[in-house]
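Coordinate analysis (summary)
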Amino acid sequence: MAPETTPLPAARPIARSADATGVDESRAPLLEVRNLRKHFPIKGGFLQRTVGLVKAVDDVSFKVFDGEILSLVGESGCGKTTTARCVIRAIDPTSGEVLFRRADGDVVDVAKLRDKQLRPIWRDMQMIFQDPFGSLNPRKNLLDIIGEPMFVQGVRSRQKRMDRVAELLNLVGLRPEYMHRYPHAFSGGQRQRIVIARALTLEPRLVIADEAVSALDVSVQAQILNLLLDLQRRLELSYLFVAHDLSIVKHISHRVAVMYVGKVVELARTDALFTRPKHPYTSALLAAVPVPDPDQRAALQGLPGEVANPAAPPPGCYFHPRCPFAVEVCKHEPPPLREVEPDHFVACHRAEELTLDGIGELESALRPRPDVPGATPEAPPPAPPDVPTPPSREVPS
Amino acid sequence: MQQTPTVPEARAFAVRSRTDLGEPILSVRGLKTHFVMDEGTVRAVDGVSFDVHPGEVVGIVGESGCGKSVALKSVLRLIQKPGRIVAGEIMYRRPGRNGARPELELDLATLPPLGRRIRQIRGGDIALIPQEPMASFSPLHTIGDQIVEAIRLHDPMSVADARKLAIAKLREVGMPSPEQRFRAYSWQLSGGLRQRAIIAMALSCNPAILVADEPTTAIDVTTQAQVLQLLRVLQQEHGSAIVFITHDLGVIAQLADHVVVMYLGRVMEQGPVRSIFHTPRHPYTRALLQSVPSVHSEARVQLPTIAGGIPHPLYRPPGCPFHPRCPDAMPGTCDVRVPAMVDDGSGQPVACFLHHDVAEADDGA
Ligand SMILES: Nc1ncnc2c1ncn2[C@@H]1O[C@H](COP(=O)(O)OP(=O)(O)OP(=O)(O)O)[C@@H](O)[C@H]1O
Ligand SMILES: Nc1ncnc2c1ncn2[C@@H]1O[C@H](COP(=O)(O)OP(=O)(O)OP(=O)(O)O)[C@@H](O)[C@H]1O
Ligand code: SF4
Ligand code: SF4
Ligand SMILES: [Mg+2]
Ligand SMILES: [Mg+2]
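This one's a predicted model, so the numbers in the text were calculated from it and none came from an experiment. (Residues numbered from 1 in each chain as written. Chains lettered and ligands numbered in written order. Predicted model: local features only at pLDDT ≥ 70, side-chain atom pairs only at ≥ 80, totals over all residues. Heavy atoms only, no water.)

**Description of the site of ligand 3**
We count it as follows: Residues are classed as near a molecule or strand on a simple rule: at least one heavy atom within 4 Å of it. Gly counts as polar in this scheme, as do all residues outside two lists: the nonpolar Ala, Val, Leu, Ile, Met, Phe, Trp, Tyr, Cys and Pro, and the charged Asp, Glu, Lys and Arg.
Contacts to ligand 3 come from 13 residues, most closely from Cys317(A), Cys323(A), Cys330(A), Cys348(A) and His349(A). Tallied by class, the residues present in the shell around ligand 3 amount to nine nonpolar, three polar and one charged.

**Describing the pairing of strand β6 (residues 125-128) of chain A**
Residues and elements named next belong to chain A. The condition is simple: Classification of residues uses two cut-offs on accessible area relative to the type maximum, computed with a 1.4 Å probe and protein chains only: under 20% is buried, over 50% is exposed, and between them is partly exposed. Per the convention used, a helix needs a DSSP run of H or I reaching at least four residues, while a strand needs a run of E reaching at least two, with both numbered from the N terminus. Here the rule is simple: two strands pair whenever DSSP picks up at least two bridges between them.
Burial along β6 is two-sided: Met125 and Met127 and Gln126 and Ile128, pointing in opposite directions, are all buried. Bridge count between β6 and strand β7 (residues 206-210): four bridges; the pairing is parallel. In the strand pairing of β7, Met127 is matched with Ile208.

**Re the sheet that holds strand β5 (residues 107-109) of chain A**
All names here are of chain A. Selection criterion: Each axis is a line fitted through C-alpha atoms, and for a helix only the stretch in contact is used; angles between axes span 0 to 180 degrees, taken between their N-to-C directions. Here a residue-residue contact requires only that any non-hydrogen atoms of the pair lie within 4.5 Å.
The strand order across the open sheet built from four strands is β2-β1-β4-β5, with neighbouring strands paired in antiparallel fashion. In this open sheet, the two strands that pair with only one neighbour each are β2 (49-64) and β5. Sheet twist, expressed as the average angle between the axes of neighbouring strands with direction ignored, equals 25 degrees. On the sheet, helix α1 (residues 80-87) packs against β1 (31-44), β2 and β4 (95-101) and is oriented at approximately 115 degrees with respect to β1.

**Regarding the site of ligand 1**
Residue and element names in this part refer to chain A. Stated formally: Two N or O atoms form a polar contact when they lie within 3.5 Å of each other; inside protein one atom must be a possible hydrogen donor and the other a possible acceptor, and for residues adjacent in sequence the pair counts only when both atoms belong to side chains. Computed with the Shrake-Rupley method and a 1.4 Å probe, the accessible areas treat only the protein chains shown as cover for residues.
All residues in the neighbourhood of ligand 1 are listed as Phe40, Val54, Ala56, Ser76, Gly77, Cys78, Gly79, Lys80, Thr81, Thr82 and Pro310. Here Cys78 contributes a backbone N or O atom positioned 3.2 Å from an oxygen atom of ligand 1. Take Gly79: an N or O atom from its main chain is 3.0 Å from an oxygen atom of ligand 1. Contact with the protein chains hides 60% of the accessible area of ligand 1, taken as 640 Å² for the molecule alone.

**With respect to the packing of aromatic side chains**
What counts is decided by this rule: Note on ring pairs: Phe, Tyr and Trp rings are taken, using the six-membered ring of Trp, and paired if centres are within 6.5 Å. Classes follow the plane angle, with under 30 degrees stacked, over 60 edge-to-face and the rest tilted. Any Lys NZ or Arg CZ that is within 6 Å of a ring centre and within 35 degrees of that ring's normal is treated as a charge sitting over the ring.
Applying the stated criterion across every chain yields a total of eight aromatic pairs over all chains. Between Tyr260(A) and Tyr281(A), the ring centres sit 4.6 Å apart and the planes meet at 55 degrees, which makes this aromatic pair tilted. With Tyr260(A) in strand β9 (residues 255-260) and Tyr281(A) in helix α9 (residues 280-288), the pair connects residues that are 21 residues apart, well separated along the chain. Ring geometry for Tyr284(B) against Phe322(B): centres 5.1 Å apart, planes inclined by 70 degrees, an arrangement best described as edge-to-face. Note that Tyr284(B) is positioned in helix α10 (residues 283-290) and Phe322(B) in the segment after α10, a separation of 38 residues in sequence. By relative accessible area, which is 1% here, Phe322(B) ends up buried. By the ring-pair criterion, three or more aromatic residues cluster together here, those being Tyr260(A), Tyr281(A) and Phe319(A). Between Arg156(A) and the ring centre of Phe151(A), over which it is positioned, the NZ or CZ distance is 4.2 Å. Positioned above the aromatic ring of Phe182(B) is the side chain of Arg163(B), whose terminal nitrogen or guanidinium carbon lies 4.6 Å from the ring centre.

Set out below in structure tokens:
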């Protein structure tokens, strides 16, 4: 039996109107990525010469404002993780700018910083990785794991670190007493909370979450999504949220960027993108999501063909071999990303003339569902009843 | 450059009712599969019962570790040490031709796990699409050779005939240039094409039941849609029953006729897909349904969650396995007695004391 999770303070549902979402667009963006490229060389032959380039990220631009959640979505291999890793400079981009507004208001280009200059940036920007099992050192207790970023930044006082770790454990819904325990004593969802606590140690303003909930079970996933939203509101965090599950992306983000073979093909506010997509690829992605309602059994439309090879993409629009709307120009001219409506960017020659299907009406969602005692948005679930703790093999605290 | 696989014609897929489907071809009763280890006994499957009717699509849902894979591997007798079926019945009734009486009636739980009998049934009568896609094909042989071998294991025919049949199956699942792909190795195929090859192999002996363990979890949503559509079309054309595992409720809603909800090695509730989604009766089913965000639900509100976490497999709670997390748990009852699975005649049996007062006879001993 894993240690129990303390319930979060009562959650307020967040209003949906633009000004109540917590996004502050009045200031300069917190993060602005301009023309980011990352090309990986393909080595071949026995001299290991470069015989080609994988254009994993190819001219990507986007902004993240204070308090905003921007999601990157797209099929496997489209360059989401590579983009995220370039932003935090886990890898060096091939070209482009990663403009980040520091706490003092100065804007720095993270892509051009020297290694030594990165450390202060990593106070402000933190990454949460997908695998809650792989990313925690099994030989360190929570105090060391969560307090480590403080130590690295020069906080030598153990008491200070303990105070901060206790505060963080509270924040992510774990008991402060657990700080002397080791990761194996925790369930998958609790480990992901630990990873989140560690990312928050230095009070970052931007959190990059790469598939942070993908490996988790639905009930745990819901807990972590709630936690991420709660923290965003309370700490005014911004997230760059990388995911492939469109239901989750729809739930959490203010804006969404859809990537295809290293490029952003559509970027818009979440509602606009889901209800009125303007890129055929976005529309195809939405059509493929299985609706969780047996009364709405539609014909499931996949996309014919395969994702283009990023080492040898087709000419013109990369999507043209799979696009049902492709015309002659699509085969030769790469479509640039254009603002076709205020705040709605699309890379498609035919964006204005096409009317594409989105997710459709919200009827199924609005139909009242049977009451689930203790599991409604208004009433947060009661604390778990105390379960007799079985003989523990955990490392004693 | 990749060729475009032919997408099966997009069709809607009606939910079928059990009353139209005849007697079950598979009846699992009181199945218990335990793993006995030094640290203790993991009761991975601890009293599971469900039926599969001819041509029916049965979906099994539940969170990670609840015993879904172990239950289906037990049916196919693929459980290895330290695991063992310790109780229960797995009645398989091979349908006779043209709806005649079953020509074979057999409790698979009694067969020697390595014997010829079960090897004939596995692959021939009941085919498996395993959870790990790489486990289906050996990397050392072409997919064509492996399908030919599978066909000839169950049906003595010439290599040339088996080859023709294999290519026909590859074509049927929408594999582009099947003659060429016959000579490909599984690692040369993309995720979507590999999944098609696995389905072609599983279908090569016209199984009465296709068992698929998370057939779409490892693939992208666009490819998933194609594979689901393919399964629907093949099901309609061959009439095979399909039993599949998933934890995606969207996939369940789109594919299943009948749903089995598992928690900690036991079935909590089962019933027709519409009843499970619209009138769930078990507190766990209800909580599970509410905790998933959908593209149709309101954005950025707090999602309902299930309190607590899944217990460690070695430390199962006494009584109803869900009681430590259940908002409706009744102290003195739910933490003491194990609720039995009872059908009140609605076709939606549920194991919960909110709905009846019948406890399991051996109470989990
Ligand atoms: N270190 C590397 N060397 C060479 N190619 C790489 C490297 N890292 C990534 N790639 C390639 O870059 C492309 C983009 O990969 P990336 O991991 O960014 O995709 P992704 O969108 O995160 O996919 P997924 O959803 O599968 O995580 C892929 O074609 C991948 O094979
Ligand atoms: N070989 C084994 N030895 C010991 N325990 C096992 C073994 N195989 C499975 N188990 C245990 O049996 C339980 C059920 O496992 P199973 O693989 O059936 O889960 P599942 O429902 O398929 O989960 P998932 O959704 O993660 O695939 C788990 O607690 C697991 O740890
Ligand atoms: S540019 Fe042409 S091929 Fe590309 S998405 Fe638009 S219509 Fe389709
Ligand atoms: S039997 Fe009791 S604890 Fe179990 S689900 Fe029903 S009410 Fe909850
Ligand atoms: Mg990735
Ligand atoms: Mg499994």
